[in-house]
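# Structural overview for review
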Amino acid sequence: MDRIAVLLPCYNEAKTIEKVVTDFKAALPEAVIYVYDNNSTDSTAEIAKRAGAVVRREYKQGKGNVIRRMFREIDAECYLMADGDDTYPADYAREMADKVLLRGADMVVGDRLSSTYYEENKRPFHNFGNSLVKKSINFIFKSDINDIMTGYRAFSYEFVKTYPVLSKGFEIETEMSIHAIDKNMLVENVIIDYRDRPEGSESKLNTYSDGFKVIRTILRLFRDYKPLAFFSIIALVLFVLAVIFFIPVLVDYLKTGLVAKFPTLIVCGFAVLASIQSFFSGLTLESLRRKSRQDFELELIKASKEKIKN
């Protein structure tokens, strides 16, 4: 088992990967640097290998797929994940690793948004999206993570070996954050400087399509991790709509003794039934989620024992 494993998922990062590997080797001399090449069409893999990294490949495209492979194959006491585009300085690597190794943190978040991100990043919709996601997650899940979508993180062995990677792309960071919040893990923030990509290095993020995927992921995880709240909102909306449309029918009935809009009455009845069904679905799923959390705690104990054994 490695003491510290630096994980660098890469796709066409030939312009920057040598510097990134060299910087992390200097910051963490005892660490093993892993570069996972995700079907690059340039010389990323060859340059990384010459720089001293352990190079492996993941043929399924997407950052989530790469991280799934990394977490499955590598055993380490501390995992440090960054990007291969030289946007995250290695200067903070030691501080982040120490929070895992010495303070027992399960996840350490490299917080860009509290420092230079908004000045360095030249894409205004990215800035808006990061702020929106941060505020949404912290409001919905009652958390205090300063940067939800940063790719610069450190993890404990227990986090990595008990985290089910479901996302395939860049929404993986959002999923990690919510998983840590929901499982009551120790999350710490380290404020880092952020550097925009150097000239000639191209971003793999698409502001609109990837932003839509992140929003969809938040809604999906809200449903999965807080089913009672999610389905109660649906139940409330259905019930309110049923009442709004039922009031005119009731007023007509009180005036004339007749139901003039019988189809509306039927629809209102079905809406109320759907509201009740939604609420009790949320109750049922909430019970299942609690059972899932109990099972997770057992998995956490199992992972700790495996770590000691290794």
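Structure shown above.
Let us look at the structure shown here. (Residues numbered from 1 in each chain as written. Predicted model: local features only at pLDDT ≥ 70, side-chain atom pairs only at ≥ 80, totals over all residues. Heavy atoms only, no water.)

### With respect to unusual backbone geometry
- Not every positive phi belongs to a glycine, and Asn 12 is a case in point at roughly 55°.
- With respect to the element layout, Asn 12 can be found in the loop between β1 (2–10) and α1 (17–27).
- Located in the positive-phi region is Asp 86, a residue other than glycine, with phi close to 65°.
- Residue position: Asp 86 is located in the loop between β4 (76–81) and α4 (93–101). (Helix = DSSP H or I, 4+ residues; strand = E, 2+ residues; numbered from the N terminus.)

### Brief notes about the packing of helix α10 (residues 227–256) against helix α11 (residues 262–309)
- Across the interface, α10 lies against α11 with an axial gap of 8 Å and an inter-helix angle of 165°. With respect to their mutual orientation, α10 and α11 come out roughly antiparallel. Relative to α11, the crossing made by α10 is left-handed.
- For the contact of α10 with α11, the per-class residue count stands at 19 nonpolar, five polar and two charged. (Axes fitted to C-alpha atoms, helices over the stretch in contact; angles between N-to-C directions. Parallel < 35°, antiparallel > 145°, perpendicular 65-115°, else oblique. Left-handed = near helix turned anticlockwise from the far one by under 90°. Nonpolar A, V, L, I, M, F, W, Y, C, P; charged D, E, K, R; others polar.)

### Re the side chain of Glu 58
- The topology assignment puts Glu 58 in the loop between β3 (54–57) and α3 (63–73).
- Only 2.6 Å separates the side chain of Glu 58 from the side chain of Arg 69, close enough to count as a polar contact.
- Not counting residues within four places of it along the chain, the set of residues in contact with Glu 58 comprises Asp 37, Asn 38, Asn 39, Asn 65, Val 66 and Arg 69. (Polar contact = N/O pair within 3.5 Å; in protein donor to acceptor, adjacent residues only side chain to side chain. Contact = heavy atoms within 4.5 Å.)

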